[in-house]
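If you want the building blocks of each chain, they are given just below.
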Amino acid sequence: MERLKISRIQIRSSILPLLACISSFYLTASLADSVTRDEAKLLRNEVGEMFYHAFNGYMDNAFPLDELKPLSCSGEDTLGGYALTLIDSLDTLALLGDRERFTASVEWIGKNLRFDMINKTVSVFETTIRVLGGLISAHLIASDYATGMRVPSYDNQLLNLAEDLARRLLPAFDTPTGIPFGSVNLLHGVDKHESKITSTAGGGTLTLEFGVLSRLTNDPIFEQVTKNAVLAIWAQRSKLNLVGAHINVFTGEWTQKDAGIGTSIDSFYEYLLKAYLLFGDEEYLYIFQEAYAAAMHYLYHDPWYVEVNMDSAAIVWPLFNSLQAFWPGLQVLAGDINPATRTHAAFLSVWRRYGFTPEGFNLASLSVQHGQKSYPLRPELIESTYWLYKATRDPRYLDAGRDMLASLQYGTRCPCGYCHISDVEHHKQEDHMESFFLAETVKYLWLLFDLAVGPDNLVENGPYKYVFSTEGHLLPATPQISLVREHCLYYGAYCRSGDLRQTYFVSDAERDKHESNESRFYGSWTKSSYSSDYTTSEASASSGLIKGFCPGLNHGQKFGLWYMHSNNEHSDHETIHKEESTTVQSHSVMLLPAQSSDSSVPESGNDPNDSQTRESDNDSQTRESDNDSQTSESDVTS
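Residues numbered from 1 in each chain as written. Predicted model: local features only at pLDDT ≥ 70, side-chain atom pairs only at ≥ 80, totals over all residues. Heavy atoms only, no water.

Participant: What is the right way to read the state of the cysteines from this model?
Facilitator: Between two cysteines, a covalent bond joining their sulfur atoms is known as a disulfide. A complete count under the given rule lists two disulfides for this structure. A sulfur-sulfur distance of 1.7 Å marks the disulfide that ties Cys73 to Cys416. Taking the sign of the torsion about the S-S bond as the criterion, the disulfide between Cys73 and Cys416, at about 90 degrees, is right-handed. A residue pair is termed long-range when its members are at least 10 positions apart, and Cys73 in the loop between strand 1 (67–69) and strand 2 (74–76) and Cys416 in the loop between helix 15 (396–411) and strand 16 (420–423) qualify at 343 residues. (Disulfide = S-S within 2.5 Å. Helix = DSSP H or I, 4+ residues; strand = E, 2+ residues; numbered from the N terminus.)

Here it is in structure tokens:
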């Protein structure tokens, strides 16, 4: 115990200068010459071959089981027993223009998949982002002539399956807070012994898939319950506008107060911005801007991000974890590119040191975090590389993509697919291939090189702008989905009484403080501007589930939602927030030297948070949430 106390003191005293030190240069390119257009074409084709090596390996050896075991050339049911990898791969097949396999896959799923035959308890989060999202995305492609991938025999079978699945997930939302349970049985609902603890990402990363489903089925319930979950989580934020990692879905109390941008929280931030981009609902934009400003103020130590106590902002976890690597890509969407480039360079230096990004890299010891040495084929760094290249056309991102492709080809390729790396220091392979490898990792690599060649694909040249789900699924901003009238749908939320949200009564004094939000994202979604300031615009009454507009409501009342702390605490928070509106940041970038094959990296030793380690190296099903004893979820996202 004494050793742990000393370790914590040493970390707190050393981490801040460490994170701001060492180097002022950028990692601009690999040692090789920059990627030419002709080479980019060859690399794109190589990624295509990579996809088919893994996809055919799955279809030949594992289908219709969920996932492939690429070393033993066999399969396993890992999530629910519903041909998971095939469903997750559908829109990648469409993106590659493979009409034959896309059509055959859509037809097989429409004829053979039934959720009323699956008596299994599944992760709400993973089932939503992988299966529900895969079905919805494929439906929107297969049913639309404008995509060029219309399936002649298709008659909404995937949409019907998606609606049936979503209704089987709805019982999870029947909690006092509206935040869903982590798991639900597809036949019997929530087990009476189900854990009441879930992750922030698990409860707050469902809005895109459920929201699109509401637009397609004209049933508002799906969008309602997922938005209420986001509002409930945001209502429990700290005075610093930070959210923790795990929350009790019955009481709304935080059971783990570590605030960060990675494990257990990451896609909560992602879906706030993307829900605004896809649906035009400015309430999501307001929350995102508040949450993003707080993250940049308290979590960002240029170019790295740390985890802090959500109440005090004291650093508790000086760790880069691989799920943080999505953040530069999200910053590109928000228009905040400068910090994105520096953070990406730092994250990429970890990849180049080991050949992959480990699940955890300790910023105090500058070594792989004990118990987090694996690389389970994650896409996040590749995803951010794609977005940064799309926004800047800087060739260093093509060089980075080439390096990452080489690592995957020479380190993870197996007889029937691509293997997890169980230890990035020794490149030991593990017999598992997550479905998201085909849904995301390969997809973002292919898009990166295709963009350099001169893109000719559904995303870049298709009929719509697309928002990528956290699983990499393509969700188009069609008129049916991005309804203009929905932009003001929730403006009147505080003017009505009902069972969904509280009714607020506004004094005459408050009516004089009316303000609204006109923040916009200009032009391309990759060249938008971020601002924490607000100008004013007038909102009008709108039709829909919630009607009416209260002109006396200020921004916090319309969009800030209910705040669960006392009035005095809230008032104090407002004062603190104004005083801390400026973030002081260093612009130095700490990069890690590449590790030679014969060099060794010291172990991190006893870390005070070892008992709270987010993910074990052998846990192949956790992608967004911790799989600890408190939570029922077994997921960690991309």
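Participant: Looking at this model, I keep getting lost on unusual backbone geometry. Mind explaining?
Facilitator: Excluding glycine, residues mostly carry a negative phi; peptide bonds, for their part, are mostly trans. A cis amide bond, omega 10 degrees, links Phe63 with the succeeding residue Pro64. In this structure, Pro64 sits in the loop between helix 2 (37–61) and strand 1. Cis peptide bonds are those with omega within 30 degrees of zero, and the linkage from Asp302 to Pro303 qualifies with 5 degrees. Structurally, Pro303 is set in the loop between strand 9 (300–301) and strand 10 (304–305). At Asn218, a position not held by glycine, the phi torsion is positive, near 60 degrees. Within the fold, Asn218 resides in the loop between helix 8 (207–217) and helix 9 (221–235). With relative accessibility at 69%, the residue Asn218 sits in the exposed group. (Buried < 20%, exposed > 50% of the residue type's maximum accessible area, 1.4 Å probe, protein only.)

Participant: How should I be thinking about the nonpolar core in this particular structure?
Facilitator: Inside soluble globular proteins, nonpolar side chains tend to come together where they are buried. Core analysis: the biggest nonpolar cluster contains 166 residues, and Tyr82, Phe102, Phe115 and Trp327 have the highest contact counts within it. Aside from chain neighbours lying at most four places away, what touches Tyr82 is Asp66, Ile87, Leu113, Phe115, Ile118, Val122, Thr127, Val131 and Leu186. (Core = buried A, V, L, I, M, F, W, Y, C linked by side-chain atoms within 4.5 Å. Contact = heavy atoms within 4.5 Å.)

Participant: I'm lost on the environment of Val124 in this one. Help?
Facilitator: With respect to the helices and strands, Val124 occurs in helix 5 (residues 124–142). Given a relative accessible area of 1%, Val124 falls into the buried group. For the pair formed by Val124 and Leu169, sequence separation is 45 residues and the distance between their alpha carbons is 6.6 Å. Discounting chain neighbours no more than four positions away, the residues touching Val124 are Ala172, Phe181, Gly182, Ser183, Val184 and Leu206.

Participant: Before we go on, may I ask you to explain the pairing of strand 16 in this structure?
Facilitator: Remember that side chains alternate between the two faces of the sheet whenever the strand is regular. Two elements, strand 16 and strand 17 (residues 428–430), share three bridges in a ladder whose sense is antiparallel. In the sheet register, His420 faces strand 17, and the bridge partner there is Glu430. (Pairing = 2+ DSSP bridges.)

Participant: Whenever I open this one, helix 4 (residues 99–112) confuses me. Can you help?
Facilitator: Since one α-helical turn is 3.6 residues long, residues separated by three or four positions face the same way. The terminal C-alpha atoms of helix 4, which comprises 14 residues, lie 20 Å apart, in line with the 20 Å expected from a rise of 1.5 Å per residue. Turning to helix 4, its buried residues number three or more, namely Phe102, Thr103, Ser105, Val106 and Ile109. Viewed end-on, helix 4 has its buried residues packed into an arc of 165 degrees, placing them on one side of the element. Opposite the packed face of helix 4, turned more than 90 degrees from it, sit the exposed residues Glu100 and Lys111. The inward-facing, buried residues of helix 4 abut helix 2, helix 3 (84–95), helix 5 and helix 6 (157–169). (Expected span 1.5 Å × (residues − 1). Arc of directions from axis to C-beta.)

Participant: Hey, could you run me through the packing of helix 5 against helix 8 in this one?
Facilitator: When two helices pack together, their arrangement is given by the angle between the helix axes and by the axis-to-axis distance. Running from N to C, helix 5 and helix 8 cross one another at 40 degrees; their axes reach a closest spacing of 10 Å. Both helix 5 and helix 8 take part in a crossing whose hand is left-handed. Facing helix 5, whose interface residues are Thr128, Ile129, Leu132, Gly133, Ile136, His139 and Leu140, helix 8 presents Glu209, Phe210, Val212, Leu213 and Leu216. Class assignment of the residues belonging to the contact of helix 5 with helix 8 gives a composition of eight nonpolar, three polar and one charged. (Axes fitted to C-alpha atoms, helices over the stretch in contact; angles between N-to-C directions. Left-handed = near helix turned anticlockwise from the far one by under 90°. Nonpolar A, V, L, I, M, F, W, Y, C, P; charged D, E, K, R; others polar.)

Participant: What exactly am I supposed to notice about the sheet that holds strand 15 (residues 367–368) here?
Facilitator: Hydrogen bonding along the main chain pairs the strands of a sheet, whether they run parallel or antiparallel. Taken together, three strands build an open sheet; the order of strands is 13-14-15 and the sheet is antiparallel. Since the sheet does not close on itself, it has two edges, and those belong to strand 13 (319–321) and strand 15, each with one partner. Pairing of strand 13 with strand 14 (residues 360–362), which is carried by three bridges, proceeds in the antiparallel orientation. Considered in strand 14, the bridge of Phe320 is made with Phe361.

Participant: What is the right way to read the environment of Asn461 from this model?
Facilitator: Looking at where Asn461 falls in the secondary structure, it is placed in helix 17 (residues 458–461). For the pair Asn461 and Thr147, spaced 314 residues apart in sequence, the C-alpha to C-alpha distance is 9.8 Å. Of note is the side chain of Asn461, whose polar atom sits 2.5 Å from the backbone oxygen of Pro455. (Polar contact = N/O pair within 3.5 Å; in protein donor to acceptor, adjacent residues only side chain to side chain.)

Participant: Sorry, what's going on with the packing of aromatic side chains here?
Facilitator: Two aromatic rings, taken as a pair, are described by how far apart their centres are and by the angle between their planes. Counted by the stated rule, this structure contains 29 aromatic pairs. Measuring from centroid to centroid gives 5.1 Å for Phe356 and Tyr375, while their planes differ by 20 degrees, and the two rings are stacked. In this pair, Phe356 is assigned in the loop between helix 13 (337–354) and strand 14 and Tyr375 in the loop between strand 15 and helix 14 (380–392), connecting sequence segments 19 residues apart. Take Phe356 and Tyr375: they sit in the same class, and that class is buried. An aromatic cluster of three or more residues is present, and its members are Phe268, Tyr269, Phe288, Tyr292, Tyr300, Tyr305, Phe326 and Trp327. For the cation-ring pair, Arg150 lies above Tyr145, with the distance from its terminal atom to the ring centre recorded as 5.2 Å. (Phe/Tyr/Trp six-rings, centres within 6.5 Å; stacked < 30°, edge-to-face > 60°. Lys NZ or Arg CZ within 6 Å of the ring centre and 35° of its normal.)

Participant: Explain the sheet that holds strand 6 (residues 246–248) here, please?
Facilitator: Taking strand neighbours across the sheet as the criterion, the three strands line up as 5-6-7 in an open arrangement whose pairing is antiparallel. Here the strands that pair on one side only, and so sit at the sheet edges, are strand 5 (197–199) and strand 7 (254–256). The sheet shows a mean angle of 35 degrees between the axes of neighbouring strands, direction not considered. Examined bridge by bridge, strand 6 and strand 7 share two bridges and lie antiparallel to one another. Looking across to strand 7, one finds that His246 is bridged to Gln256.

Participant: Just checking my understanding: could you explain the confidence of the model for the protein chain for this structure?
Facilitator: The predicted structure's coordinates, where accompanied by low pLDDT, should not be read in detail. When pLDDT is averaged along the protein chain, the result is 80; 71% of the residues meet or exceed 70. Between residues 566–588, whose pLDDT stays under 50, and residues either more than four places distant or in other chains, the model counts 24 contacts. (pLDDT = per-residue confidence, 0-100.)

Participant: Explanation requested: the packing of helix 4 against helix 6 in the structure shown.
Facilitator: Helix 6 packs onto helix 4 with a crossing angle of 50 degrees between their chain directions and a minimal axis gap of 9 Å. The pairing of helix 4 with helix 6 is recorded here as oblique in orientation. Seen along the crossing, helix 4 lies across helix 6 with a hand that is left-handed. Across from Val106, Ile109 and Gly110 in helix 4, the residues of helix 6 making contact are Gln157, Leu158 and Leu161. Taken together, the residues of the contact of helix 4 with helix 6 sort by class into four nonpolar, two polar and no charged. (Parallel < 35°, antiparallel > 145°, perpendicular 65-115°, else oblique.)

Participant: Got a minute to help me understand the side chain of Thr470 in this structure?
Facilitator: Relative to the helices and strands, Thr470 is located in the loop between strand 18 (466–468) and strand 19 (474–476). Take Thr470: its relative accessible area is 1%, and that puts it in the buried class. In this structure the side chain of Thr470 is engaged in a polar contact, spanning 2.9 Å, whose partner is the side chain of Glu270.

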